[in-house]
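Coordinate analysis (summary)
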2 protein chains.
Amino acid sequence: MKFYMPVSYYLEENCIKNHKKEILECGKKPLIVTGKHSSKLNGSLYDLISILEDYVLFDQVNENPTVNLCEKGARMGLEQKVDYVIGLGGGSSMDAAKAIALLIKNPDENKDCFYQKKELSHLDVICIPTTCGTGSEVTSKAVLSRPELHEKGSISHDIWPKYAFVDETYLTSASDSLIVSTAVDALAHLIESHLNKNKNSFSLMCTTYGLSLFKEMKEELIHKEFNYKKLMMTSSIAGLAIAQTGTSIPHAMSYDLTNYFHISHGLACGYYLVSFVEVVMKKSQEGKEILSLLGFSDFDEFRNWMESLIGKPGLNQKEFLIELMNQKKAKWSTACVNITKEDICFIVHSSL
Amino acid sequence: MKFYMPVSYYLEENCIKNHKKEILECGKKPLIVTGKHSSKLNGSLYDLISILEDYVLFDQVNENPTVNLCEKGARMGLEQKVDYVIGLGGGSSMDAAKAIALLIKNPDENKDCFYQKKELSHLDVICIPTTCGTGSEVTSKAVLSRPELHEKGSISHDIWPKYAFVDETYLTSASDSLIVSTAVDALAHLIESHLNKNKNSFSLMCTTYGLSLFKEMKEELIHKEFNYKKLMMTSSIAGLAIAQTGTSIPHAMSYDLTNYFHISHGLACGYYLVSFVEVVMKKSQEGKEILSLLGFSDFDEFRNWMESLIGKPGLNQKEFLIELMNQKKAKWSTACVNITKEDICFIVHSSL
């Protein structure tokens, strides 16, 4: 049984300003890795820039960042001689920041190194999440896309942020749909960790607590009444859980929905989540624990709640999606029960 | 709200042998800091030595290690040119190892530096606990004694172990009384963190889970039927909790019982624990949470359980102990409720 999570994590209002000292001690000139819009709209970019003496801005991160984009960010960082990297935004910005910090520190490498097993160091990374789903601020993973291969998955290197600075006020300007889809991603992390073959006492401590926090928020999410601090906290605790166990079937299946049908990550996970729990319930008591921890009296209540929250995608290409999942059988063994071809068929058919 | 716990933590049978690679990568020659007997009796010292190519043994740690003892250990380490330190045993050995690692790295300093506020680095420390109470393997604290001042308290420096290797089998050769007294120390960590003014969602996650683990063991402890792995796990989770919040009144009061009356640390905390919960219960709902999480139906059941487990010390010097506690009022504010002079009197009179 292992536990490791070396990030210095802070969650508080005015987090960036409160920790100016720690940020400035990381180096002289950071590369800020962020998206085009949201960090400007929610004020986080302004808060960050206002405490920095010097910086370089790479604000080209979009949903599902590619390995090519990370190469581009690293070139900018190298040219401008930055000495640390700040990922500001959702999971895309933070994951891109991790990969860019790796490439800048290893200028002789290119994007090929991302999925190679070799020991490489990286620049210090600071993560500042402004959505409530990824948990990337407390994990060492960086999920990137390779569109030409229709592949999406974490790079092979463990890149732990040095600091995570979380300020729930940035969430107040996010759209309802973004908050819901990222919250569903956090729920997927909690459920997939709780029903994971790699679970241990530490991960169960996180998932038990995180699911109990989610229980208190599940009706509020339907009515778009958000407890921003609790959403941020739950997302980070879910991240702590997957940092120990990894994710499982719904995440593995979600990547195909995103790669081929451009469905956002949180929703893609959410669509598969209920049927995955149903499959586990048929084989183990552990599935029922999820319902109990989330405060659902039976399975139908869970399914109805999820459909009220995110609907159904209405996709027809089911056999295609089943075939894609059949090609990644290594992922099947991440669940706490034995998953068969019939289970995958069932999940696809009842979810889409 | 902050969370930080950078230790690589492992809990498994054959833990030392399984992680030979990580241990050897820490350096060429460790100083092993341990007690005179127990690490020889439980086999842990043999397991450790058998994987090391070179080492220096400092096996002079006793209960309540002093600053002088740590100076002596550091001198041995410096003379023999060790390059990392392994604390093997209970909290005394691990805490002494941390302090010794600080002094060896700073040869111009002496014991005076322990309680000074200055930035000092330290040699890498590995902790291998063989009792189930201290949690020192997952905290940055090192509690040392200064007998000439009748003082006992953590040094001012944060010394995080690089690794914690926990193997529950070493506990099987410990005496029943040692297991009980260290388990009561772990319970004190859980309760004092849960009822701490510094508590946050992370520490509450640990204490809620840790107290639920303790609930499952409380009758077994009375009957001396031990689940060694769960005891070790609970102790580490309790350590994780106090790493975030620190301890509170029972620990602060316990040091006087240990310094003046030579009562072992776990028992000294345990004697004060029940009345401390009683005081909090009078002022806040949070006290009752403790009973509920531990599965006691009322307060009397909690008190009777504790008395069955550890008895009462039967000390008469109550006014003296109250006066000592009156001299450390800074400690009073560590509790989640306002603690008065009358509360301290009540705790002393009803506990001893």
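Residues numbered from 1 in each chain as written. Chains lettered and ligands numbered in written order. Predicted model: local features only at pLDDT ≥ 70, side-chain atom pairs only at ≥ 80, totals over all residues. Heavy atoms only, no water.

1. Structural notes on the pattern of salt bridges
Residues and elements named next belong to chain A. Under the defined criterion, the tally for this structure stands at 24 salt bridges over all chains. Here Lys141 ties to Asp158 by a salt bridge, and the two come within 3.0 Å at their closest N and O atoms. Linking Lys141 in the loop between β5 (125-129) and β6 (143-146) with Asp158 in the loop between β7 (151-154) and β8 (163-166), this pair joins segments that are 17 residues apart in sequence. Linking Glu216 and Lys230 is a salt bridge whose minimum nitrogen-to-oxygen distance equals 2.4 Å. (Salt bridge = Lys/Arg side-chain N within 4 Å of Asp/Glu carboxyl O. Helix = DSSP H or I, 4+ residues; strand = E, 2+ residues; numbered from the N terminus.)

2. Some words on the relation of the copies chain B and chain A
Under the fitted operation, chain B is carried onto chain A by 0.0 Å of movement along the axis and a turn of 180 degrees, and the coordinates agree to an RMSD of 0.0 Å. The superposition of one copy onto the other is thereby described by a two-fold rotation axis. Within chain B, Pro6 of chain B has its C-alpha nearest the rotation axis, a separation of 1.9 Å. (Least-squares fit on C-alpha atoms with pLDDT ≥ 70 in both.)

3. Remarks on the pairing of strand β4 (residues 84-89) of chain A
Along any regular strand, the residues point their side chains to alternate faces of the sheet. Residues and elements named next belong to chain A. Counting buried positions along β4 yields six of six residues, so the element is predominantly enclosed. As judged from the five bridges shared by strand β2 (residues 30-35) and β4, these two strands associate in the parallel manner. Directly across from Thr34, in β4, lies its bridge partner Leu88. As paired strands, β4 and β5 are joined by five bridges and run parallel to one another. Bridge pairing links Leu88 to Ile128 in β5. The β-α-β motif built from β4, the intervening helix α6 (residues 91-105) and the parallel element β5 has right-handed crossover chirality. (Buried < 20%, exposed > 50% of the residue type's maximum accessible area, 1.4 Å probe, protein only. Pairing = 2+ DSSP bridges. Right-handed = clockwise from strand over helix to strand, strands pointing away.)

4. Let's talk about the domain arrangement of chain A
All names here are of chain A. The domains assigned to chain A are domain 1 (8-171) and domain 2 (175-351). With centres defined by C-alpha atoms, the gap from domain 1 to domain 2 works out at 26 Å. If you look at the interface, domain 1 gives 24 residues, while domain 2 gives 24 residues. Carbon and sulfur atoms supply 65% of the area that domain 1 and domain 2 bury against each other, a total of about 2,000 Å² over both sides. Viewed at the interface, domain 2 and domain 1 are joined by zero salt bridges. Every element with two or more residues in the side of domain 1 that touches domain 2 is listed here: β1 (2-11), β6 and β7. Looking at side-chain class alone, the side of domain 1 that touches domain 2 contains nine nonpolar, nine polar and six charged residues. (Domains from an automatic or database assignment. Contact = heavy atoms within 4.5 Å. Buried area = accessible area lost by both parts, 1.4 Å probe. Nonpolar A, V, L, I, M, F, W, Y, C, P; charged D, E, K, R; others polar.)

5. Points about the interface of chain B and chain A
Counting residues at the interface gives 23 residues for chain B and 22 residues for chain A. Buried surface at the junction of chain B and chain A, both sides included, amounts to about 2,200 Å², of which 69% is carbon and sulfur. Taken as a group, Met1, Met205 and Tyr209 of chain B account for 30% of the area that chain B buries against chain A, more than any other trio of residues on that side. In this assembly, chain B and chain A are joined by zero salt bridges. Our count for the chain B to chain A interface comes out at eight residue pairs in polar contact (both at pLDDT 80 or more). Looking at the side of chain B that touches chain A, the elements that each hand over two or more residues are β1 (2-11), α8 (201-222) and α9 (228-245) of chain B. A total of ten residues in the side of chain B that touches chain A trace back to one element, the largest contributor, which is β1 of chain B. In this sheet, β1 of chain B lies alongside β1 of chain A in antiparallel orientation, the contact comprising five bridges. Looking at β1 of chain B, one finds that Tyr10 of chain A is bridged to Lys2 of chain B. (Polar contact = N/O pair within 3.5 Å; in protein donor to acceptor, adjacent residues only side chain to side chain.)

6. Thoughts on the UniProt feature "domain: Alcohol dehydrogenase iron-type/glycerol dehydrogenase GldA" (unreviewed entry) in chain A
UniProt records the feature "domain: Alcohol dehydrogenase iron-type/glycerol dehydrogenase GldA" (unreviewed entry) at residues 6-167 of chain A, using the numbering of this structure. In the segment residues 6-167 of chain A, helix accounts for 31% and strand for 25%; the C-alpha atoms at its two ends are 20 Å apart. (UniProt positions renumbered as here; feature names shortened; annotations may be inferred.)

7. Overview of the environment of Ala97 of chain B
All names here are of chain B. Examined against the element boundaries, Ala97 turns out to sit in helix α6 (residues 91-105). Residue class for Ala97 comes out buried when judged on its relative accessible area of 0%. C-alpha of Ala97 to C-alpha of Leu213: the two residues are 116 residues apart in sequence and 29 Å apart in space. Beyond its immediate chain neighbours, meaning those up to four positions away, Ala97 contacts Val33, Val85, Ile86, Gly87 and Val125.

8. A look at the environment of Thr208 of chain A
Residue and element names in this part refer to chain A. Inspection of the secondary structure assignment puts Thr208 in helix α8 (residues 201-222). C-alpha of Thr208 to C-alpha of Gly27: the two residues are 181 residues apart in sequence and 38 Å apart in space. For Thr208, the residues in contact, after removing those within four places along its chain, are His194 and Leu293.

9. Here we look at the UniProt feature "domain: Fe-containing alcohol dehydrogenase-like C-terminal" (unreviewed entry) in chain A
Per the UniProt entry, the sites bearing "domain: Fe-containing alcohol dehydrogenase-like C-terminal" (unreviewed entry) are residues 180-296 of chain A in this numbering. End-to-end, the C-alpha atoms of residues 180-296 of chain A are 19 Å apart, and along that stretch the chain is 82% helix and 0% strand.

10. A few points about the environment of Leu187 of chain B
Residue and element names in this part refer to chain B. Examined against the element boundaries, Leu187 turns out to sit in helix α7 (residues 176-194). Here the alpha-carbon distance between Leu187 and Val348, two residues 161 residues apart in the chain, equals 19 Å. Apart from residues lying up to four places away in sequence, Leu187 is in contact with Leu211, Phe214, Leu273, Leu294, Trp305 and Met306.

11. Focus on the nonpolar core
By size, the foremost hydrophobic cluster in this structure holds 156 residues, and its most contacted members are Ile191 and Phe302 of chain A together with Ile191, Leu257 and Phe302 of chain B. Not counting the four nearest positions on each side in its chain, Phe302 of chain B is found in contact with Ile191, Val274, Val277, Leu291, Leu294 and Phe296 of chain B. Listed in part, the 30 residues of the second largest apolar core include Val33, Phe58, Val61 and Ala101 of chain B. (Core = buried A, V, L, I, M, F, W, Y, C linked by side-chain atoms within 4.5 Å.)

12. Regarding the pairing of β5 of chain A
All names here are of chain A. By the criterion of burial, β5 is predominantly enclosed, with five of the five residues buried. Of the two faces of β5, the one holding Val125, Cys127 and Pro129 and the one holding Ile126 and Ile128 are both buried throughout. The sheet contact formed by β5 and β8 spans two bridges and is parallel. Looking at β8, one finds that Cys127 is bridged to Ala164.

13. So, the packing of α8 of chain A against helix α12 (residues 286-294) of chain A
Residues and elements named next belong to chain A. Between α8 and α12, the shortest axis-to-axis distance is 7 Å and the interhelical angle comes to 50 degrees. Considering the angle they form, α8 stands oblique to α12. For the pair α8 and α12, the contacting residues are Thr208, Leu211, Ser212, Phe214, Lys215 and Lys218 in the first and Ile290, Leu293 and Leu294 in the second. Considering only residue class, the contact of α8 with α12 consists of five nonpolar, two polar and two charged. (Axes fitted to C-alpha atoms, helices over the stretch in contact; angles between N-to-C directions. Parallel < 35°, antiparallel > 145°, perpendicular 65-115°, else oblique.)

14. A closer look at unusual backbone geometry
All names here are of chain B. At Lys81, a residue that is not glycine, the phi angle is positive and equals roughly 55 degrees. By the secondary structure assignment, Lys81 is in the loop between α5 (67-79) and β4 (84-89). If you check the backbone angles, His262 has positive phi at about 55 degrees while not being a glycine. Among the secondary structure elements, His262 is positioned in the loop between α10 (249-261) and α11 (265-283). A relative accessible area of 70% places His262 in the exposed class.

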